[in-house]
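Survey of secondary and tertiary structure
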Amino acid sequence: MTTMRANVFHGKNDFRVEEVEKPRAGVGEAVIRVTLTTICGTDLHIVRGEYPVRPGLIIGHEPVGVIEELGAGVIGYQVGDRVLAGAITPCGQCRACLSGQLSQCGHGEGFEAIGGWRFGNTINGAQAEYLLVPAAQANLAKIPDELTDEQVVLLADIASTGFGGAESASVRIGDSVVVYAQGPIGLCATAGARLMGASLIIGVDGDENRLAMARRIGADVVLDYRNVDVVAEVKRLTGGGADVAIEALGTQQTFENALRSLRAGGTLSSLGVYSGKLHIPYEAFAAGIGDYRIVTTLCPGGKERMRRLMEVVRAGRVDLTPLLTHLVSLDEIARGYKVFGERLDGVLKVAVKP
């Protein structure tokens, strides 16, 4: 078989499942047969024309699969191994990787795309029957036999990113944390704050289904921004301001509210991807003398990151399967995009089984 079916981006609001050439593994690469993937918020940005990618690219970046082919130089794996690959695929050898900044991998000299190579954004992605994994030695994480595809698929991106938002903020035991926006990334940030030892976690959203899931996954208090002055309520609940505010939407308003919710010396952890200018009002920033810290996080990738996340799942510390609310086949993916994009039927994440 030399071809496969894949979801191909052609232009704004134009994506189609079609026959394309099946990838072959070169030196240091692997091909996996995709057994489960998802539709992500980034995919929506791509098909809506809000995130520029080249026409002809296969979309998708949360892959779970079985090794189909191994290229020369890839050792420690066998055809048939079940594997997880992170959305960010660091090479393990460039300056960023060797400095511990794997999500900023440049894949060697001459490659300067911010964030390195990412499935479905800069290289062909996972909404397909087969996927080519670059730098396979650095990116394929074997899945423990007792874990299902559904238990690990969200670790590739949203869990790694959401947990990373809490980690980057250095959440400490006993901290108060407010998480703005309880979409999939925000829900994982909420779960991450719980894993890091926060004593009070406040989830903010305007969707009742998402607020209910926030409670289920780790929030102690949920606030509906439609009915309450969130900043004032956060300050009341925390006795003056949260230790950490995590912004998981990427808008000016949520960024400002997160900043205004902090105590002096607090940390704003930003997971949003912003378009246009982002303004920091001087009074919200205490005119620069409030000892605030603002940190950003791009999805941590690489096989060691995936291995650690799978160990957290295997130990029963977190269960993300309730976030997988819908399942479609590859041929039904247009319907999946509609449900996800229009937030129909209480959707959180749509899984895709090629």
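Structure: see above.
Nothing here was measured: the structure is a model prediction, and the numbers come from that model. (Residues numbered from 1 in each chain as written. Predicted model: local features only at pLDDT ≥ 70, side-chain atom pairs only at ≥ 80, totals over all residues. Heavy atoms only, no water.)

**Focus on the overall build of the protein**
- For the protein, the count of helices and strands is 11 helices and 15 strands.
- Expected size for 354 residues packed as a compact globule is a radius of gyration near 20 Å; at 20 Å, the protein falls within 12% of this value.
- Relative to its full complement of 354 residues, the protein shows a buried share of 55%.
- Across the protein, contacts joining residues at least 24 apart in sequence account for 69% of those joining residues at least 6 apart. (Helix = DSSP H or I, 4+ residues; strand = E, 2+ residues; numbered from the N terminus. Rg over C-alpha atoms; globule rule 2.2 N^0.38 Å. Buried < 20%, exposed > 50% of the residue type's maximum accessible area, 1.4 Å probe, protein only. Contact = heavy atoms within 4.5 Å.)

**Some details on the sheet that holds strand S12 (residues 262–270)**
- Spatially, the six strands line up as an open sheet ordered S10-S9-S8-S11-S12-S13, and their pairing is parallel. Each edge of the open sheet is held by one strand with a lone partner, namely strand S10 (221–224) and strand S13 (293–296). With strand direction ignored, the average angle separating the axes of adjacent strands in the sheet is 20°.
- As defined by bridge partners, strand S9 (residues 200–205) adjoins S10 across four bridges and the pair is classed as parallel. Directly across from Gly203, in S10, lies its bridge partner Val222.
- Here helix H5 (residues 158–168) sits on the sheet and contacts strand S11 (242–247), S12 and S13; the angle it forms with S13, its principal contact strand, is near 155°.
- Sitting on the sheet, helix H8 (residues 230–238) touches strand S8 (176–180), S9, S10 and S11, and the angle it makes with S9 is about 170°. (Pairing = 2+ DSSP bridges. Axes fitted to C-alpha atoms, helices over the stretch in contact; angles between N-to-C directions.)

**Points about helix H11 (residues 333–341)**
- Every buried residue of H11 is listed here: Ile333, Gly336, Tyr337, Val339 and Phe340. Each buried residue of H11 sits inside an arc of 165° when the element is viewed along its axis, so together they form one side.
- In the core, the buried residues of H11 are packed alongside strand S1 (3–11), strand S2 (14–21), strand S3 (30–39), helix H1 (41–47), strand S14 (324–329) and strand S15 (349–353).
- Remark: Arg343 follows H11 within two positions and exhibits a positive phi of approximately 55°. (Arc of directions from axis to C-beta.)

**Some words on the nonpolar core**
- Counting 34 residues, the largest nonpolar core has Leu84, Val152, Leu155, Met310, Leu320 and Leu323 as the members making the most contacts within it.
- Setting aside anything within four residues of it in sequence, one finds Leu155 in contact with Leu84, Ser160, Met306, Leu309, Met310, Val313 and Leu320.
- Formed by 18 residues, the second largest nonpolar core is a distinct cluster that contains Tyr180, Leu200, Ala245 and Leu259. (Core = buried A, V, L, I, M, F, W, Y, C linked by side-chain atoms within 4.5 Å.)

**Points about the environment of Leu140**
- Note that Leu140 resides in strand S7 (residues 140–142).
- Taking relative accessible area as the criterion, Leu140 reaches 1% and is therefore assigned buried.
- Spatially, the C-alpha atom of Leu140 lies 39 Å from that of Leu223, the residues being 83 residues apart in sequence.
- When sequence neighbours within four positions are dropped, the list of residues in contact with Leu140 reads Ala30, Ile32, Ile67, Tyr77, Val83, Leu84, Ala85, Val133 and Lys303.

**A few points about the pattern of salt bridges**
- This structure, assessed with the given rule, holds 20 salt bridges.
- Linking Glu233 and Arg236 is a salt bridge whose minimum nitrogen-to-oxygen distance equals 2.7 Å. Of this pair, Glu233 and Arg236 both sit in helix H8, separated by three residues, roughly a single helical turn.
- Here Glu233 falls in the buried class, since its relative accessible area comes to 19%.
- It is possible to trace a salt-bridge network through shared partners that takes in Glu146, Glu311 and Arg314. (Salt bridge = Lys/Arg side-chain N within 4 Å of Asp/Glu carboxyl O.)

**Comments concerning the packing of aromatic side chains**
- Taken as a whole and assessed by the stated rule, the structure comprises three aromatic pairs.
- Measuring from ring centre to ring centre gives 4.6 Å for Phe15 and Tyr337, while their planes differ by 45°; the resulting arrangement is tilted. With Phe15 in strand S2 and Tyr337 in helix H11, the pair connects residues that are 322 residues apart, well separated along the chain.
- Residue class for Tyr337 comes out buried when judged on its relative accessible area of 5%. (Phe/Tyr/Trp six-rings, centres within 6.5 Å; stacked < 30°, edge-to-face > 60°.)

**What about the pairing of S8?**
- Counting buried positions along S8 yields five of five residues, so the element is predominantly enclosed.
- Burial along S8 is two-sided: the face carrying Ser176, Val178 and Tyr180 and the face carrying Val177 and Val179 are both buried.
- Sheet analysis places S8 next to S9, joined by five bridges and oriented parallel. Within S9, the residue paired with Val177 across the bridge is Ile201.

**Digging into the side chain of Ser261**
- Residue placement: Ser261 occurs in the loop between helix H9 (252–260) and S12.
- Here the side chain of Ser261 touches Tyr180 through a polar contact of 2.5 Å, side chain to side chain.
- Excluding its chain neighbours within four sequence positions, the residues that come into contact with Ser261 are Val178, Tyr180, Val231, Val234, Gly241 and Ala242. (Polar contact = N/O pair within 3.5 Å; in protein donor to acceptor, adjacent residues only side chain to side chain.)

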